[in-house]
Amino acid sequence: MSVDVDDVGMLCAAHALVQRGEAEILAVVHDTGLPAGVGAISAINEFWRRGNILIGGYDGNLGAPAATISPDWVRKGRGVYVNGLIKEFSPPITNAGQCWSSKAVYESVLRRAEANSVVILAVGHLTVLGELLESSATRTLVAAKVQKLVVMGGTLSQEAAVPEWNFAGCGGGCGEYDRLSGITSRALSIVGTGAQRVDGAAATMGFNSTNTAAPVSISA
């Protein structure tokens, strides 16, 4: 929730699936350094009358306005809709400092979940998931509790002249975003080789279960 508005559409679609009885949202974690990004998440959750859903705030520097490439780049990385949602809906959470960290939310949700019961839907970067997978203890937790990881990413950086933003930023010269390629490669290499293309726009990594009615944790 910062520059691209697809995160808004995705979260609203997830809430609509909950409304239809087809999903349960366990948490929504933010994965870039715009502190107000969680405010947009909170506004959407409140609009759908699900303000009790856990929200995690990213505490890293990647995507922070101060670390973006120039003042002219999409309002210095702040985007055009986050502050508008906060102003329009006055959500209870408006800043990452009001939340647990995204990593802490991931760990809390997974520890409480049943084995092989969670689907992680990563619509943004893999910054937080990458942190989670770096520790052997939390890797074990992910392997035990997560049934499937679905990543919106398009083409992997090594397959395209212009890398896909979620995987590799702009490919170079984008400040802190230049770290994305390494973060993505490391995270996906840890997850393993069970990747499968879906409509050319997502990679699905299976873990151990085939349960298709699993609760969802969203990374946006």
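Scoring rules and cut-offs
All residue numbers refer to positions counted from 1 along the written sequence of the respective chain. Since the coordinates come from a predicted model, pLDDT governs what is reported: local features require at least 70, and pairs of side-chain atoms require 80 or more to be given and counted, while whole-chain, interface and lining totals use all residues. Excluded from the side-chain calculations are hydrogens and water; all other atoms, namely the structure's heavy atoms, are used. A pair of Phe, Tyr and Trp rings is counted when the ring centres sit within 6.5 Å of each other, with Trp represented by its six-membered ring. The angle between the planes then sorts it: under 30 degrees is stacked, over 60 is edge-to-face, the rest tilted. Partly exposed residues are those whose accessible area sits between 20% and 50% of the maximum for their type, while under 20% is buried and over 50% is exposed, using a 1.4 Å probe and protein chains only. Interaxial angles span 0 to 180 degrees and are taken between N-to-C directions of axes, which are lines fitted to C-alpha atoms, for helices over the stretch in contact. The secondary structure listing takes helices from DSSP runs of H or I that are at least 4 residues long and strands from runs of E that are at least 2 residues long, numbered from the N terminus. Roughly parallel means an angle under 35 degrees; roughly antiparallel means over 145; roughly perpendicular covers 65 to 115; every other angle is labelled oblique. By definition in these notes, contact holds between two residues if any of their heavy atoms fall within 4.5 Å. Gly is put with the polar residues, along with every residue not named as nonpolar or charged; the nonpolar set is Ala, Val, Leu, Ile, Met, Phe, Trp, Tyr, Cys and Pro, and the charged set is Asp, Glu, Lys and Arg.

A. Focus on the packing of aromatic side chains. Evaluated as defined, the whole model comprises two aromatic pairs. With centroids separated by 6.2 Å and ring planes inclined at 80°, the aromatic side chains of F47 and W48 adopt a geometry described as edge-to-face. F47 sits in the exposed class, given a relative accessible area of 54%. Residues F47 and F89 carry aromatic rings whose centres are separated by 5.9 Å and whose planes lie at 75° to one another, so their mutual orientation is edge-to-face.

B. Just the packing of helix α6 (residues 127-134) against helix α7 (residues 136-145), in detail. In contact at an axis separation of 5 Å, α6 and α7 are set at 110° when each is read in the N-to-C sense. Relative to α7, α6 is oriented roughly perpendicular. Taken together, the residues of α7 that come into contact with α6 (itself represented by L132, L133 and E134) are S136, T138, R139 and V142. Residues that form the contact of α6 with α7 fall into these classes: three nonpolar, two polar and two charged.

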